[in-house]
Amino acid sequence: MANLKEIRNRITSVSSTMQITSAMKMVSAAKLKKAQDAITAMRPYAEKLTELLQNLSATLDGDVGGEFTKQRDIKKVLVVAITSNRGLCGAFNTNVIKEVKNRAEFYAGIQVDVFAIGKKGNDILTKTLKVVENQSQVFDALTFDNVTKIAETLTQKFVTGEYDKIELVYNQFKNAATQIVQVEQFLPLAALKSDKPASTGDYIFEPSKEEIVLTLIPKSLKTQLYKGIRDSFASEHGARMTAMHKATDNATELRDQLKLTYNKARQAAITNEILEIVGGAEALKG
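Residues numbered from 1 in each chain as written. Predicted model: local features only at pLDDT ≥ 70, side-chain atom pairs only at ≥ 80, totals over all residues. Heavy atoms only, no water.

## As for the overall build of the protein
Then, number 1: The number of helices and strands found in the protein is five helices and five strands.
Then, number 2: In the protein, the succession of α and β elements from N to C terminus is α-β-α-β-α-β-α-β-β-α.
Then, number 3: Expected size for 286 residues packed as a compact globule is a radius of gyration near 19 Å; at 29 Å, the protein overshoots this value by more than 25%.
Then, number 4: Along the first, second and third principal axes, the C-alpha atoms of the protein reach 115 × 45 × 30 Å.
Then, number 5: Sorting the 286 residues of the protein into buried and exposed places 40% on the buried side.
Then, number 6: The contacts of the protein with a sequence gap of at least 6 include a subset with a gap of at least 24, amounting to 79%. (Helix = DSSP H or I, 4+ residues; strand = E, 2+ residues; numbered from the N terminus. Rg over C-alpha atoms; globule rule 2.2 N^0.38 Å. Buried < 20%, exposed > 50% of the residue type's maximum accessible area, 1.4 Å probe, protein only. Contact = heavy atoms within 4.5 Å.)

What follows is the structure, given as structure tokens:
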């Protein structure tokens, strides 16, 4: 009967785990809907802003990007690792951390520092790389204004020459089951090119086109970072929902197996008791 008690305890434990994972799945599903709507609504704006910047810059001669497009000899690289503050989301954080380490190996012989956005990435990467700053609190209130402060900090680090190149590493949201690790160059700005021909209409620009481009570039950088964090936020909830769904299915399967094992063990115990009773009765008759 001790064996039966152990199985009963395991069934109870697995059932409790199944209830927790099922609840987490529903919570993530609710949060995913809001996060998905936010990134879906933002993408057209970000793409249109990039298109506008490309059209304007394509009609200008020379280097109009100022410090933002200045190409320097790469001596120090800053990798912005965008992860989550919580776990239980499958390989979501692991994939980003792995890619950050790959970037560090790619720049062998060059100093590579990490700017962490997310507690999980910060905790792991501090063991092997130099993390200069952690901005995990941004997920407590994920707004454009809060992300703007981070974008301005990153921009300042590049403009002052503290770093010669800045890259973003994050999970891009495709759907609830699929997240794609992206590596994007944040600064310096790559040459702005477009497959579409530049607009050649007779427009009057106020202020000048050069001033408009220089105004749009910081705005574009802030939007790029905000889009990356928003993508990562939606990906996190999608990954967690998928992970909790699989965990719930596995717990259900394990519980059913344990119940079957328990019933077989109980049946065997009852059969043994009956045999002992019958055997005792036959011995008394003899």
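Read on, since the account is not over.
## Here we look at the layout of surface pockets
Then, number 1: Roughly 270 Å³ of volume is contained in the second largest pocket.
Then, number 2: Lining the second largest pocket we find 13 residues, and of these Lys31, Arg86, Glu236, His237 and Arg240 sit closest to its centre.
Then, number 3: Elements that contribute at least two residues to the lining of the second largest pocket include exactly α1 (2-58) and α5 (209-285).
Then, number 4: Of the residues in the lining of the second largest pocket, the class split is four nonpolar, four polar and five charged. (1 Å grid on protein atoms, 1.4 Å probe; cavity = no way out; pocket = protein on both sides within 12 Å on 5 of 7 lines; lining within 4 Å. Points joined across faces, edges and corners; volume = space filled by probe spheres on them. Nonpolar A, V, L, I, M, F, W, Y, C, P; charged D, E, K, R; others polar.)

## Concerning the pairing of strand β3 (residues 130-134)
Then, number 1: The pairing of strand β2 (residues 111-117) with β3 spans four bridges and is parallel. The partner of Phe115 across the bridge, within β3, is Glu133.
Then, number 2: Between the parallel pair β2 and β3, the chain is carried across by helix α3 (residues 119-125), and the sense of this crossover is right-handed. (Pairing = 2+ DSSP bridges. Right-handed = clockwise from strand over helix to strand, strands pointing away.)

## Quick look at the side chain of Thr21
Then, number 1: As for its position among the elements, Thr21 is in helix α1.
Then, number 2: Those residues in contact with Thr21, other than ones at most four positions away along the chain, are Met244, Ala247 and Thr248.

## Topic: the nonpolar core
Then, number 1: Among the nonpolar cores identified, the biggest contains 40 residues, and Ile117, Leu154, Ile166 and Leu225 are the most heavily contacted of them.
Then, number 2: Counting only elements with at least two residues in this core, the list comes to α1, β1 (76-82), β2, α4 (144-159), β4 (165-175), β5 (178-187) and α5.
Then, number 3: It is α5 that contributes the most residues to this core, 11 residues altogether.
Then, number 4: Look past the residues within four positions of Leu154 in its chain and what remains in contact with it is Leu78, Val80, Phe115, Ile166, Phe186, Leu187 and Leu225.
Then, number 5: If you look at the next biggest cluster of nonpolar residues, it comprises 15 residues, including Ala81, Val114, Ala116 and Val131. (Core = buried A, V, L, I, M, F, W, Y, C linked by side-chain atoms within 4.5 Å.)

## Here we look at the sheet that holds β3
Then, number 1: Across the sheet, five strands lie side by side as β3-β2-β1-β4-β5; this open sheet has mixed pairing. Strands at the two margins of the open sheet, each flanked by one partner only, are β3 and β5. This sheet shows a mean twist of 25° between the axes of neighbouring strands, independent of strand direction.
Then, number 2: As defined by bridge partners, β1 adjoins β4 across five bridges and the pair is classed as parallel. Opposite Val77, over in β4, you have Lys165 as the bridge partner.
Then, number 3: Strand contacts of helix α2 (residues 92-106): β1, β2, β4 and β5, with the helix running at about 150° to β4, the strand carrying the most contacts.
Then, number 4: On the sheet, α5 packs against β1, β2, β4 and β5 and is oriented at approximately 45° with respect to β4. (Axes fitted to C-alpha atoms, helices over the stretch in contact; angles between N-to-C directions.)

## With respect to a nonpolar patch on the surface
Then, number 1: On the surface, a cluster of nonpolar side chains totalling about 240 Å² of accessible area is made up of Ile270, Ile274 and Val278.
Then, number 2: Among the secondary structure elements, Ile270 is positioned in helix α5.
Then, number 3: The exposure class of Ile270 is partly exposed, given its relative accessible area of 37%. (Patch = residues over 30% accessible without salt bridge, like charges linked within 9 Å, V, L, I, M, F, W, Y side chains within 5 Å. Areas by Shrake-Rupley, 256 points an atom, 1.4 Å probe, with all protein chains shown as cover. Salt bridge = Lys/Arg side-chain N within 4 Å of Asp/Glu carboxyl O.)

## A look at the pattern of salt bridges
Then, number 1: What the rule picks out here adds up to 11 salt bridges.
Then, number 2: Between Lys119 and Asp123 there is a salt bridge whose closest N-O contact spans 2.9 Å. Of this pair, Lys119 and Asp123 both sit in helix α3, four residues apart, roughly one helical turn.
Then, number 3: Among the salt bridges present, the one from Glu162 reaches Lys157, with a minimum N-O distance of 3.6 Å.

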